Amino acid sequence: MAGNIIELTGLTRKYGQFTAVDNLTLTVSRGEIFGLLGPNGAGKSTTILMMLGLTEPDAGTARVCGIDPSADPVGVKKRVGYLPEEVGFYDDMSGLDNLIYTACLNGLSVIDAEARAEKLLERVGLANEKHKKTGKYSRGMRQRLGLADVLIKDPEVIILDEPTLGIDPAGVREFLDLIVELSREQKITVLFSSHHLHQVQQVCDRVGLFVGGRLLAVGDIQSLASQLFGKSPYAIEAGIDLPVRKPGEVDTAGQKRNEIRDALLGIEGVNEIREENGILHLACSKDITGEIAAVIIGSGARLTSLNKREYGLDDIYYRYFEGGDKHE
Amino acid sequence: MVLMTSITVILKEGINMNRSIMTLTGYFDRQRDRVRHPFRVIMEKEMADHLTGWRFLILTALIALTCLGSLYTALANMSQAVKPNDPEGAFFFLKIFTITDGTMPSFVVFISFLGPLLGIGLGFDAINSEHNRGTLSRILSQPIHRDYIINAKFAGALTVISAMLLALGLIVMGAGLVALGIPPTAEEFVRMVLFILLSILYVAFWLNLSILFSVLFRQPATAALSAIAVWLFFTVFYPLIVNLIIKSLEPSAVAPPSHLIAVEQLRLTLMRIMPNQLYSEATTTLLMPSVRSLGPLTMEQMIGAIPGPLPLGQSLLLVWPQVTGLVAGTITSFVISYLLFMRREIRPR
């Protein structure tokens, strides 16, 4: 299949009793930027190691670029660039020398390696630092050098494991832009693993949500939202302010609150109400912001804020976490 | 002249390995255009790392200085070493490796003492430092087989050690040649080369042991200390323990000879667990051709024997078990570290 560059079927990896990756089935098509999103310890890194043939799966098969990594790891590693979570370089060698070494391992002669390395260093913005020892590089520079290191083998797929960890926000933005640019330019498939929702949202075409070794949902952000919030695609947050109960008085505020709740639930289209720190979160099937405001004001409470929002990854993520917890 | 050329060749080889000088020579300009096998790439990097690093420099300086010191005492005492009717008279030249005036150990003793340090020094951080720096997972994600790394680490360090010991041995020979004015015979030369090869094998054993520890322990310091602990155990404590055991078994003066021989055999067997014992037995036999047995000899065996040097073939036959033991030890520790390394899951730092 030319369309799918990564195909994982029923991939499982256990460490003793603990199942790190549980029956994972996933396909990534050529040229897309795929985000593997999940909390720490969700099994993202293990999945990546299995794709590279650095770890054997207990069950299931992986095919990367049409090759089974446990049968022919070298074939996969020829085509796949992998940037590990904390990429390490030989600190006593310059950035350029580090790249040349990697290039030579990929079967380039020193002369070709040098030319390629120079070009890539230019591309990732390290041309001025190429003769500096990598021990003196900053975290962001190391990460960019890592990207150059991954690209030097001219890969079909690059796998980035938490590449933005520990870089400052400006650096992250720059780095992500670079990835997107490179991917589009050279038609490289990118698998991007992260627990940073916003970064994934920013760059990825499709996202796989990965919790507790299981892939809970796959799709682009919109389809994820509709999968999850199918019935209630609109979220409205209303901040209400009720008089605080004075000593000796009957608790009218609590009563009032319940009244408002009931009234709001009475509106057609409101599916669910959740309260958090005095803010009501309403899940609605229609855009009924106006009606909600009217009901709240009509009840005599003060409306301090009203916010209509579309679901982002945050909501998706937390929603799945809730789901994930329930399973246990 | 031949020696001088070989020394220069060795020195040149050493220089060629040096990455920084690589670009200067025309030969390497051609090399730069060639695609090298990944194994060679790793091995050459390892060798360059060793040769440009302080550690190898310090160890080499240490060994070279002590050995030249022992050479000096040997040469100064050469005149006393030659006795009339000496069965080893024909092997005068070999004595520069073994004789001493008692103030300074001989060349052989120095190598058997410092060789392990050299091996340990070049191997104790082979795998764990790569892991700690985070370079291991990066290198392993390149299109190479996993065993290239451990094999290349071993091969690289061994090449550097071999070059160093060979150069040192030849320098000692050359200095002896200049100082004594007598060229070594062909057999002496072969024996000396065999001695150097044996020394390389001995250092390779320690190198492998320290690579094993570098696979076992995450911290290079722990690995180095463990390897040094094994070394100290074998050089200091193990002989003491063997002595204790043998003392408790010591036969009475009237015990039958078979009993005496049995106890002596036991002592030798126990001692031969030590790699340094194997090494010193083997080198003694190679460098002192008059040694004809490494075990006990009865009077019956001695009667009628004319003291004379053994031919090279016979000496080799005598040390064969020792050499086999050293090779076996080297291979065993290499196999263990290989298996451990191949089965380990390499996670990023």
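This structure is a prediction, so every number in the text was calculated from the model and none was measured.

J.: What is the right way to look at the overall build of chain A in this model?
T.: Secondary structure assignment for chain A yields 11 helices and 13 strands. Within chain A, the proportion of its 328 residues that are buried is 51%. Contacts spanning at least 24 positions in sequence make up 67% of the contacts within chain A whose residues lie at least 6 apart.

J.: For this particular structure, what's the right way to read unusual backbone geometry?
T.: All names here are of chain A. A positive phi angle, near 50°, is found at N23, a position not held by glycine. Within the secondary structure, N23 sits in strand β2 (residues 18-29). Its identity as a non-glycine residue notwithstanding, D154 has a phi of 55°, on the positive side. Position of D154 among the secondary structure elements: in the loop between α5 (139-151) and β6 (157-161).

J.: Hey, could you run me through the environment of A:K132 in this one?
T.: With respect to the helices, strands and loops of the structure, A:K132 is situated in the loop between α4 (110-123) and α5. You can call A:K132 partly exposed: its relative accessible area is 34%.

J.: How should the interface of chain B and chain A be read in this particular structure?
T.: Many analyses report the size of an interface as the accessible area lost when the parts associate. Residue-level contacts link 29 residues of chain B with 34 residues of chain A. Counting each side, the surface lost to burial between chain B and chain A is near 3,100 Å², with a carbon and sulfur contribution of 55%. If you sort the residues of chain B by the area they bury against chain A, B:R32, B:R138 and B:P143 come out on top, with a joint share of 22%. Where B:R138 meets A:D149, a salt bridge forms, and the shortest distance between an N and an O atom there is 2.9 Å. At the junction of chain B with chain A, the criterion picks out 10 residue pairs in polar contact (both at pLDDT 80 or more). Of all elements in the fold, only α4 (38-52), α9 (128-133) and α10 (135-140) of chain B reach the threshold of two or more residues within the side of chain B that touches chain A. At 5 residues, α10(B) tops the list of elements feeding residues into the side of chain B that touches chain A. A per-class count over the side of chain B that touches chain A returns 10 nonpolar, 6 polar and 13 charged.

J.: Is there a simple way to explain the confidence of the model for chain B in this structure?
T.: The predicted coordinates should not be examined in detail at positions where pLDDT is low. Summarising the model, chain B shows a mean pLDDT of 84, and 89% of its residues fall at 70 or more. Confidence scores differ between elements of chain B, with helix α2 (residues 19-22) of chain B showing the lowest mean pLDDT of 52 and helix α12 (residues 186-216) of chain B the highest of 93.

J.: Hey, could you run me through the sheet that holds strand β10 (residues 234-241) of chain A in this one?
T.: Sheet strands pair via backbone hydrogen bonds, and the direction of the pair is either parallel or antiparallel. All names here are of chain A. If you trace the 4 strands from one edge of the open sheet to the other, you get β11-β12-β10-β13, paired in antiparallel fashion. The two strands at the open ends of the sheet, each matched to only one other strand, are β11 (270-276) and β13 (302-309). Neighbour to neighbour, the strand axes of the sheet diverge by 20° on average, direction disregarded. By the bridge criterion, 7 bridges tie β10 to β13 in an arrangement that is antiparallel.

J.: What is the right way to read the environment of B:R292 from this model?
T.: Residues and elements named next belong to chain B. You can see R292 is positioned in the loop between α15 (275-287) and α16 (299-302). You can call R292 partly exposed: its relative accessible area is 38%. With residues near it in sequence (within four places) discarded, R292 still touches A305, I306, G308, L310 and L318.

J.: I keep staring at the packing of α12(B) against helix α17 (residues 312-343) of chain B and nothing clicks. Help me out?
T.: Residue and element names in this part refer to chain B. Contact geometry for α12 and α17: axes closest at 9 Å, N-to-C directions at 20°. Classified by the interaxial angle, the pair formed by α12 and α17 is roughly parallel. Here α12 and α17 pass one another in a crossing that is left-handed.

J.: What am I meant to see in the packing of helix α3 (residues 95-105) of chain A against α5(A) here?
T.: Each packed pair of helices is defined by two parameters, the angle between the axes and the distance between the axes. All names here are of chain A. The N-to-C vectors of α3 and α5 enclose an angle of 25°; their axes lie 9 Å apart at closest approach. In terms of their interaxial angle, α3 and α5 are classed as roughly parallel. Read as a crossing pair, α3 and α5 show a hand that is right-handed. Side by side, α3 and α5 meet where G95, N98, L99 and T102 of the first sit next to L145, A148 and D149 of the second.

J.: Explanation requested: the packing of aromatic side chains in the structure shown.
T.: The full count for this structure, using the stated rule, is 14 aromatic pairs over all chains. With centroids separated by 5.3 Å and ring planes inclined at 85°, the aromatic side chains of B:F205 and B:W206 adopt a geometry described as edge-to-face. Both residues of the pair, B:F205 and B:W206, count as buried. Members of the aromatic cluster, connected to one another through ring pairs, are B:F97, B:F107 and B:F195. Taking NZ or CZ as reference, B:K45 lies 3.7 Å from the ring centre of A:Y90, over its face.

J.: What am I meant to see in α17(B) here?
T.: Turn by turn, an α-helix covers 3.6 residues, leaving residues three or four places apart pointing in a common direction. Residues and elements named next belong to chain B. When the terminal C-alpha atoms of α17 are compared, their 44 Å separation across 32 residues agrees well with the 46 Å that a helix rising 1.5 Å per residue should span. The principal kink in α17, of about 45°, is found at V319, preceding the proline P321 by one to four residues. Within α17, burial applies to S315, V319, Q322, V323, L326, T330, S333, F334, S337 and F341. Tucked into the core, α17 has its buried residues touching α10, α11 (146-180), α12 and α15.

J.: I tried to follow the side chain of B:R138 on my own but got confused; where do I start?
T.: With respect to the helices and strands, the residue B:R138 is situated in helix α10. Of the polar contacts made by the side chain of B:R138, one reaches the backbone oxygen of A:G88; its length is 2.7 Å. Excluding anything up to four places from it in sequence, B:R138 contacts A:P84, A:V87, A:G88, A:F89, A:Y90, A:N98, A:T102 and A:D149.

J.: Help me out: how do you make sense of the sheet that holds β2(A) in this one?
T.: All names here are of chain A. Across the sheet, which stays open at both edges, the 3 strands sit in the order β2-β1-β4 with antiparallel pairing between neighbours. Two strands close off the open sheet at either side, each with one partner strand: β2 and β4 (59-64). Taking each pair of neighbouring strands and ignoring which way they run, the sheet shows an average axis angle of 15°. Of the strand pairs in this sheet, strand β1 (residues 4-15) and β2 are connected by 8 bridges, and their pairing is antiparallel. Its bridge partner being in β2, L11 is matched across the sheet by L24.

J.: What is the right way to read the pattern of salt bridges from this model?
T.: Throughout the structure, instances matching the rule amount to 21 salt bridges over all chains. One salt-bridge network, in which partners are shared between bridges, spans B:E46, B:E130, B:R133 and B:K153.

J.: What exactly am I supposed to notice about the pairing of β6(A) here?
T.: Looking along a regular strand, one sees the side chains alternate between the two faces of the sheet. All names here are of chain A. Extensive coverage of β6 is indicated by the burial of 5 of its 5 residues. Taking every second residue as pointing to the same face, both faces of β6 are buried, with V157, I159 and D161 on one and I158 and L160 on the other. Judged from the 4 bridges that link them, strand β5 (residues 80-83) and β6 form a sheet pairing that is parallel. Paired with G81 across the bridge in β6 is I158. Here β6 pairs with strand β7 (residues 189-194) via 5 bridges, running parallel. By the bridge assignment, D161 is partnered in β7 with S193. The handedness of the β6 to β7 crossover, carried by helix α6 (residues 169-186), is right-handed.

J.: What should I look at first to understand the confidence of the model for chain A in this one?
T.: Residues and elements named next belong to chain A. When pLDDT is averaged along chain A, the result is 82, and 88% of the positions lie at 70 or above. For chain A, the element scoring lowest by mean pLDDT is helix α11 (residues 313-327), at 59; α3 scores highest, at 93. Long-range and interchain partners of residues 324-328, a stretch whose pLDDT sits below 50, account for 0 contacts in this model, where long-range means more than four residues apart.

Cut-offs applied
Throughout, residues of each chain are indexed from 1 in the direction in which the sequence is written. Written order determines the labels here, with chains lettered from A and ligands numbered from 1. Totals for whole chains, interfaces and linings use all residues, but because this is a predicted model, local features are given only for residues with pLDDT of at least 70 and pairs of side-chain atoms are given and counted only at 80 or more. Water and hydrogen atoms were dropped before computing side-chain values, which therefore reflect all heavy atoms in the structure. Strands here are runs of E lasting at least two residues and helices are runs of H or I lasting at least four, both read from the DSSP assignment and numbered beginning at the N terminus. Residue exposure (1.4 Å probe, protein chains only): buried if accessible area is under 20% of the type maximum, exposed if over 50%, otherwise partly exposed. Contact criterion: two residues are considered in contact whenever any of their non-hydrogen atoms come within 4.5 Å of each other. Using a 1.4 Å probe, buried area is obtained as the accessible area two parts lose upon being combined, added over both of them. Salt bridges are counted wherever a side-chain nitrogen of Lys or Arg sits within 4 Å of a carboxyl oxygen of Asp or Glu. Polar contacts, as counted here, are pairs of nitrogen or oxygen atoms within 3.5 Å of one another; within protein the pair requires one atom able to donate a hydrogen and one able to accept it, and residues that are adjacent in sequence qualify only if both atoms are side-chain atoms. Just so you know the grouping, Ala, Val, Leu, Ile, Met, Phe, Trp, Tyr, Cys and Pro go in nonpolar, Asp, Glu, Lys and Arg go in charged, and all remaining residues, Gly too, go in polar. The predictor reports its confidence for every residue as pLDDT, a score running from 0 up to 100. Any two strands between which DSSP finds at least two bridges are classified as paired. Axes, fitted as lines to C-alpha atoms, cover a helix only where it is in contact. Angles between the N-to-C directions of the axes lie from 0 to 180 degrees. The cut-offs work like this: below 35 degrees is roughly parallel, past 145 is roughly antiparallel, 65 to 115 is roughly perpendicular, and the gaps in between are oblique. Each crossing gets its hand from how the near helix is turned against the far one by less than a right angle, where anticlockwise is left-handed and clockwise is right-handed. Pairs were defined over the aromatic rings of Phe, Tyr and Trp, the Trp ring being its six-membered one, requiring ring centres within 6.5 Å. Orientation was assigned from the angle between planes: stacked under 30 degrees, edge-to-face over 60, tilted for the rest. Criterion for a charge above a ring: Lys NZ or Arg CZ within 6 Å of the ring centre, and within 35 degrees of the ring normal. Here the expected length of a helix is defined as 1.5 Å per residue gap, with one fewer gap than residues. At every residue, the bend is computed as the angle between two fitted axes, covering the seven residues ending there and the seven beginning there respectively. When the strands point away from the viewer and the connection leading from the first strand across the helix to the second strand turns clockwise, the crossover is called right-handed.

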